[in-house]
Amino acid sequence: MTRRKLISNIMALLSGTTIAQALKMITLLLIARQLGVRLYGLYASSIATLTVSAVIFNLGLDTWLLREGGKKSETIYFLFSVVLNIKLFMGIIWFLGVSILFTQLNLATFPPQFVYLSAIIIWLDSILLTLSTLFKATLRNYLASSLMVGNAALLLGSILVLVWLGSVNVFLYMVVQMVVLALSVSVSLILIRQFENWKYFKVDKNIFQQTLRASFPFALSDFLAWLGTRVDVVMVAFILGEYDVGLYSPAVGILSALFFIPAAIYNVVLPVLSNLFANDLPKAIKLTKYTIIALTLTGLSLNIALALTSGLLTYLLGTSYAPTASILKIISLILTFKGVSFAMVAILVAVNWQSQRAFIQAISVCCNIILNLIFLRSFGVMGAAITYIITEAILMIGYSQQVRRYYLSIKFPIQQQNNA
């Protein structure tokens with residue numbers, strides 16, 4: 001991996017991610033405007049709640065695949081087959097479980113038909129993420145970018161047709177999203193089968209169990225990460241109702257879409273860092289410095305840009321979404337925190353400090369839940385926004401402290417060796 005190849009991969013993934021997320025934000029705004037606050041709240045509630053529970057089949061396997069594939073590139077196709085088999089098997093169990101649970105609960109905020117479609121959408125999206133992860137781990141980031149842009153463009157085109165027809169049927173919007181994801185998964189599988197080194201491996205029971213055990217720290221970390229970005233939406237749905245979710249969710253959706261820009265740098269750097277920390281420590285440390293600077297500046301730039309343009313949201317969605325624009329301006333600060341956090345997480349994952357990462361995440365999620373319970377009833381959706389900022393600050397500080405601990409742990413043995 002030369003510097004030129006690293007930069008070209010980052011640029012390929014970053015350009016694709018930027019275009020894809022821009023298209024997704026336009027799609028989100030179109031759906032929110034067309035459906036209105038209450039109907040959009042029903043849609044967002046189902047997606048957010050089921051996404052949190054999806055750890056049952058996601059298990060952090062995509063992060064694990066990216067890290068392990070970076071360390072041992074010759075095993076990437078075997079590891080990919082393992083991950084795909086696990087997601088297919090565990091996904092069926094998860095789908096049946098959530099379908100039965102929400103049917104029995106029969107909650108007004110979570111109509112059964114929305115739950116079924118949301119579950120299929122989330123499962124297909126997870127499969128697509130694994131396929132995209134294989135492209136990233138093999139440094140075919142131009143394919144990952146093309147996949148993301150194609151999926152986002154097709155979804156936007158389909159939603160534009162529904163908007164042109166004047167449809168306000170939430171069910172129909174979800175069906176379109178499901179069909180677009182199914183097509184993207186099919187195209188990705190066809191592309192993968194054309195790879196010169198591609199081979200599908202049948203996974204036996206022992207390998208299946210070994211991977212499940214190895215994935216536990218990653219699953220815990222991913223679950224806590226999802227909780228950190230989704231639990232507020234879920235709590236707003238249960239405590240305040242679908243109308244407030246309809247106001248809060250578009251702001252969080254736009255913010256989350258922008259996370260993918262620093263995530264593009266993270267996804268390219270992680271497998272390279274994993275390899276360097278295993279084989280060339282001085283180069284690894286040098287690359288981490290560049291990573292921290294690049295991601296911090298990226299997050300800060302996004303923060304400033306979003307804060308300055310947040311007022312346009314009322315113009316785009318209508319006056320009923322005026323509180324959403326205020327929320328977006330407040331939570332834009334999170335982008336700066338997130339830039340630093342992505343850099344620190346890349347280091348922690350590369351050196352296999354997943355447990356330390358999960359510890360910080362657990363603290364952040366606990367604070368998130370407690371503060372939301374206090375602030376939501378007193379300040380409404382603004383309370384959720386304030387809580388989000390506080391918990392992301394906790395994550396950034398905690399991750400930074402763990403990285404500092406790691407550097408101190410490798411510095412002292414080197415000094416002792418030099419003295420000897």
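Residues numbered from 1 in each chain as written. Predicted model: local features only at pLDDT ≥ 70, side-chain atom pairs only at ≥ 80, totals over all residues. Heavy atoms only, no water.

Here the focus is the overall build of the protein. Scanning the protein for helices and strands turns up 15 helices and zero strands. Within the span of the protein, comprising 420 residues, buried residues form 56% of the whole. Considering only contacts within the protein whose residues lie at least 6 apart along the sequence, 85% involve residues at least 24 apart. Total accessible area on the protein is roughly 18,400 Å²; 68% of this is exposed by carbon and sulfur atoms. (Helix = DSSP H or I, 4+ residues; strand = E, 2+ residues; numbered from the N terminus. Buried < 20%, exposed > 50% of the residue type's maximum accessible area, 1.4 Å probe, protein only. Contact = heavy atoms within 4.5 Å. Areas by Shrake-Rupley, 256 points an atom, 1.4 Å probe, with all protein chains shown as cover.)

A word on the nonpolar core. Counting 129 residues, the largest nonpolar core has Tyr40, Leu50, Trp94, Tyr248, Ile254, Leu255 and Phe277 as the members making the most contacts within it. Top element by residues in this core is helix 9 (residues 242–279). It accounts for 21 residues. In contact with Leu50, other than residues within four places in its own chain, are Trp94, Val98, Phe102, Val115, Ser118, Ala119 and Ile122. If you look at the next biggest cluster of nonpolar residues, it comprises five residues, including Ala20, Leu23, Met148 and Leu156. (Core = buried A, V, L, I, M, F, W, Y, C linked by side-chain atoms within 4.5 Å.)

Right, let's talk about a nonpolar patch on the surface for a bit. A contiguous nonpolar patch, built from Ile369, Ile370, Leu373 and Ile374 and spanning about 350 Å² of accessible area, is present on the exposed surface. The residue Leu373 is located in helix 14 (residues 354–379) in this model. (Patch = residues over 30% accessible without salt bridge, like charges linked within 9 Å, V, L, I, M, F, W, Y side chains within 5 Å. Salt bridge = Lys/Arg side-chain N within 4 Å of Asp/Glu carboxyl O.)

What follows covers helix 7 (residues 170–192). Between its first and last C-alpha atoms helix 7 spans 33 Å; for 23 residues at 1.5 Å apiece the expected length is 33 Å, and the two agree. Along helix 7, the residues classified as buried are Val170, Tyr173, Met174, Val176, Gln177, Val180, Leu181, Ser184, Val185, Ser188 and Ile192. Between a side-chain oxygen at the N-terminus of helix 7 and the backbone nitrogen of Phe171 the separation is 3.0 Å; the capping residue is Asn169. (Expected span 1.5 Å × (residues − 1). Polar contact = N/O pair within 3.5 Å; in protein donor to acceptor, adjacent residues only side chain to side chain.)

What follows is about the packing of aromatic side chains. Inspection of every chain in the model, using the stated rule, returns four aromatic pairs. Note on Phe375 and Phe379: the rings are 5.8 Å apart at their centroids and 75 degrees apart in plane angle, and the pair reads as edge-to-face. Placement of the pair is Phe375 and Phe379 together in helix 14, with a separation of four residues, close to one helical turn. Residue classification places Phe379 among the exposed positions, given a relative accessible area of 51%. (Phe/Tyr/Trp six-rings, centres within 6.5 Å; stacked < 30°, edge-to-face > 60°.)

Bringing the environment of Leu23 into the picture now. Along the chain, Leu23 falls in helix 1 (residues 3–53). A C-alpha to C-alpha distance of 6.4 Å links Leu23 and Ala153, two positions 130 residues apart in sequence.

Now for the pattern of salt bridges. Applying the stated rule across the entire model yields one salt bridge. For Glu392, the salt bridge goes to Lys338, with nearest N and O atoms at 3.3 Å. Of this pair, Glu392 sits in helix 15 (residues 381–419) while Lys338 sits in helix 13 (residues 334–350), and the two are 54 residues apart along the sequence.

With that settled, the discussion passes to the confidence of the model for the protein. Regions with low pLDDT carry predicted coordinates that are not meant to be interpreted in detail. With 85% of its residues at a pLDDT of at least 70, the protein reaches an overall mean of 78. The least confident element of the protein, judged by mean pLDDT, is helix 3 (residues 61–71) at 66; the most confident is helix 13 at 90. (pLDDT = per-residue confidence, 0-100.)

Bringing the side chain of Thr288 into the picture now. Mapped onto the fold, Thr288 is located in helix 10 (residues 281–309). Ignoring anything within four residues of it in the chain, the contact list for Thr288 reads Leu273, Phe277, Ile347 and Tyr407.

Time to look at the packing of helix 10 against helix 13. In the contact formed by helix 10 and helix 13, the axes pass within 6 Å of each other and the chain directions differ by 160 degrees. As the angle between them shows, helix 10 and helix 13 are arranged roughly antiparallel. Crossing handedness for the pair helix 10 and helix 13: right-handed. Listed contacts from helix 13 to Thr288, Thr291, Ile292, Leu295, Thr296, Gly299, Leu300, Leu302, Asn303 and Leu306 of helix 10 are Leu335, Thr336, Gly339, Val340, Phe342, Ala343, Met344 and Ile347. (Axes fitted to C-alpha atoms, helices over the stretch in contact; angles between N-to-C directions. Parallel < 35°, antiparallel > 145°, perpendicular 65-115°, else oblique. Left-handed = near helix turned anticlockwise from the far one by under 90°.)

With respect to the secondary-structure elements, Ser167 resides in the loop between helix 6 (141–164) and helix 7. Overall, the relative accessible area of 14% leaves Ser167 in the buried class. Those residues within four positions of Ser167 in sequence are excluded, and the remaining contacts are Gln34, Leu162, Leu172 and Tyr173.

The next point concerns helix 12 (residues 322–331). When helix 12 is considered as a whole, its buried residues turn out to be Thr324, Ala325, Ile327, Leu328 and Ile331. Looking down the long axis of helix 12, one finds its buried residues gathered within 160 degrees of arc, a one-sided arrangement. (Arc of directions from axis to C-beta.)

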